[in-house]
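# Structure assessment
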Amino acid sequence: MSKYTREDILKMVEEEDVEFIRLQFTDMFGTLKNVAITASQLERALDNRCMFDGSSIEGFVRIEESDMALYPDPDTFVIFPWRPQQGKVARMICDIHYPNGEQFEGDPRYVLKKVIAKAKDMGYTFDVGPECEFFLFDMDEEGRPTIKTSETAGYFDLGPADLSENTRRDMVLTMEDMGYVVEASHHEVAPAQHEIDLRYDEALRIADGIMTFKLAVKTVARQHGRHATFMPKPKYGLPGSGLHINMSLSKDGKNMFNDGTDVLGLSREAYYFIGGIMNHIKGITAIANPTVNSYKRLVAGYEAPVHIEWQGNSRSAMLRIPAVLGENIRVELRSPDPTANPYLLLALCLAAGLEGIEKKIMPPPSADSVSNDMREAGGKTQAESLPASLIEAVKCLEQDAFLCETLGSHISGKYLEAKKKEWQAYCTQITGWEIDQYLDRY
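Residues numbered from 1 in each chain as written. Predicted model: local features only at pLDDT ≥ 70, side-chain atom pairs only at ≥ 80, totals over all residues. Heavy atoms only, no water.

Mapped onto the elements, Glu102 comes out in the loop between β6 (88-97) and α3 (108-121). Given the relative accessible area of 48%, Glu102 is considered partly exposed. In the structure, Glu102 is positioned 338 residues away from Asp440 in sequence and 60 Å away in space, judged by C-alpha atoms. (Helix = DSSP H or I, 4+ residues; strand = E, 2+ residues; numbered from the N terminus. Buried < 20%, exposed > 50% of the residue type's maximum accessible area, 1.4 Å probe, protein only.)

Our next topic: the pairing of strand β2 (residues 32-38). Here 7 bridges tie strand β1 (residues 18-26) to β2, and the two strands are oriented antiparallel to one another. Opposite Leu23, over in β2, you have Val35 as the bridge partner. In this antiparallel pair of consecutive strands, β1 and β2, the connection spans 5 residues, and Gly30 shows a positive phi of 85°. (Pairing = 2+ DSSP bridges.)

Let us look at the packing of α3 against helix α8 (residues 342-359). Geometrically, a packed helix pair is captured by the angle between its two axes and the distance between the axes. Relative orientation of the contacting elements α3 and α8 amounts to 25°, with a least axis distance of 8 Å. As summarised for this structure, α3 and α8 are arranged roughly parallel, according to the angle between their axes. α8 is crossed by α3, and the crossing has left-handed handedness. Seen from α3, the contacting residues are Pro108, Arg109, Val111, Leu112, Val115, Ile116, Lys118 and Ala119; seen from α8, they are Tyr343, Leu344, Leu346, Ala347, Leu350, Ala351, Leu354 and Glu358. (Axes fitted to C-alpha atoms, helices over the stretch in contact; angles between N-to-C directions. Parallel < 35°, antiparallel > 145°, perpendicular 65-115°, else oblique. Left-handed = near helix turned anticlockwise from the far one by under 90°. Contact = heavy atoms within 4.5 Å.)

Let us look at the pattern of salt bridges. Here the structure, examined in full by the defined rule, presents 22 salt bridges. Among the ionic pairs, Arg6 bridges to Asp47, the shortest N-O distance being 2.7 Å. With Arg6 in helix α1 (residues 6-15) and Asp47 in the loop between α2 (42-46) and β3 (50-53), this pair connects stretches of sequence that are 41 residues apart. By relative accessible area, Arg6 is classed as partly exposed at 27%. (Salt bridge = Lys/Arg side-chain N within 4 Å of Asp/Glu carboxyl O.)

Before going further, it helps to examine a nonpolar patch on the surface. Together, Tyr155, Phe156 and Val189 line one region of the surface with nonpolar side chains, adding up to about 300 Å² of accessible area. On the secondary structure map, Phe156 appears in the loop between β7 (125-138) and α4 (165-177). (Patch = residues over 30% accessible without salt bridge, like charges linked within 9 Å, V, L, I, M, F, W, Y side chains within 5 Å. Areas by Shrake-Rupley, 256 points an atom, 1.4 Å probe, with all protein chains shown as cover.)

A word on the packing of aromatic side chains. Applying the stated criterion across every chain yields a total of 14 aromatic pairs. Look at Tyr271 and Trp310: their rings are 6.0 Å apart centre to centre, the planes differ by 75°, and that puts the pair in the edge-to-face class. You can see Tyr271 sitting in helix α6 (residues 268-288) and its partner Trp310 sitting in strand β14 (residues 310-311), a full 39 residues away along the chain. Grouping residues by exposure puts Tyr271 and Trp310 together as buried. Members of the aromatic cluster, joined through ring pairs, are Phe126, Phe257 and Phe273. Over the ring of Phe230 we find Lys214; its NZ or CZ atom is 6.0 Å from the centre of that ring. (Phe/Tyr/Trp six-rings, centres within 6.5 Å; stacked < 30°, edge-to-face > 60°. Lys NZ or Arg CZ within 6 Å of the ring centre and 35° of its normal.)

Before going further, it helps to spend a moment on the side chain of Glu188. Position of Glu188 relative to the elements: it lies in the loop between β8 (182-187) and β9 (193-198). Take Glu188: its relative accessible area is 7%, and that puts it in the buried class.

A few words on the environment of Lys148. Turning to its location among the elements, Lys148 is positioned in the loop between β7 and α4. We classify Lys148 as exposed; its relative accessible area is 59%. Between the C-alpha atoms of Lys148 and Lys235, which are 87 residues apart in sequence, the distance is 9.6 Å. With residues up to four places along the chain from it excluded, the contact list for Lys148 reads Phe137 and Asp138.

What follows is about the nonpolar core. Formed by 95 residues in total, the largest nonpolar core has its most connected members in Phe126, Leu249, Phe273, Leu319, Leu345, Leu346 and Leu397. In contact with Phe126, other than residues within four places in its own chain, are Asp201, Glu202, Ala203, Met247, Ser248, Leu249, Phe273, Leu346 and Leu350. Ile21, Leu23, Met68 and Leu70 belong to the second largest nonpolar core, which has 21 residues in total. (Core = buried A, V, L, I, M, F, W, Y, C linked by side-chain atoms within 4.5 Å.)

Quick look at the pairing of β9 now. Among the 6 residues in β9, 6 count as buried, and that is most of the element. Judged by which residues are buried, β9 turns out to be covered on both faces: Gln193, Glu195 and Asp197 on one side and His194, Ile196 and Leu198 on the other are all buried. Examined bridge by bridge, β7 and β9 share 5 bridges and lie antiparallel to one another. Opposite Glu133, over in β9, you have Glu195 as the bridge partner. Between β8 and β9, which pair antiparallel one after the other, the connecting turn spans 5 residues, and Ala192 there sits at a positive phi close to 75°.

Function cannot be inferred from these measures alone, as they are strictly geometric.
Okay, structure coming up:
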């Protein structure tokens, strides 16, 4: 049931003195886009009559079929807290349609909604809680981002060592002003690294929330003279930033992953869900870790997962079972990073998990018998490794017909093509490391 009606939106815009509305959507690479309209055009937008040039968005459509329509979701209406209080600015997140009203198959939000609908047909609601990490770096005299920081704080440190404590607080308050509940926030392991966790909610709202979160974090950081980056591994020798995804399925308000008779408190559905994700994780990695830089994070020694394994309460495992029981029990996927498109990531995780339930795919034995020290040191383990590079992950996705079908031929084809070009461009670059290693030696 919708939270807001058309009349609610019109009334709020008038009563709150909203002058601009940003109609937002996300491209297949997880980049937030928008078309801004004035309040006078709101009724036209709510009638789904706002058009834009889809050929200008990479991965959308060709120039000869460029006209696309924005269909605002009224439930995503929110006023930006950081904009002026006179002549306020609001936003609504939109679905993308063709001019004839048909849903655009290249819209990542549509991909997630399709898989959510399948889960609903099976009686399930997909609940998600994200833990998003990021860095706050200094900017130079010209306002450009750097990777410099004078901060030395570490895990769970507080001010004055944590120089961005007030910045992080304002980020949390901003998200709560926008209707999202923040469960926790803290300084992370590396200097200038932070984590903010959103409260568990239904998957579509969480995907919208992650996109909202990235915008809010960058905006508030800039107000404090900092640059926020979700780049997975901005500095060599330090931990990278992850986007840990906590997941469970509910039915009639009951957590279907909960079974108090099991040693880990997991139900059969939970085990099958884990089995389904592990069965497709190599292909999922191309979406969960979509950049060349993503694979600089997925290395041993920094608590980032390297192997395709699941475990109890271990922070080095790809899939872990956090130390909570009963209705709060969940499965945490720790391999994704914050450059992932959250709509596509959650769609593939849910689709793979549902297939695991349908086909009763049991996961392999847990990795609890392998010591953390051995795993962190890259020691022997029976588990397969996650893809070690973007091109390896892309090839795994290309070979996974189930995942490509879930994404749809439009997104899977254009995404694979774009990522192959990205890899080729990377491979032909001359890096500073190469200059340092070879220029004087040879």
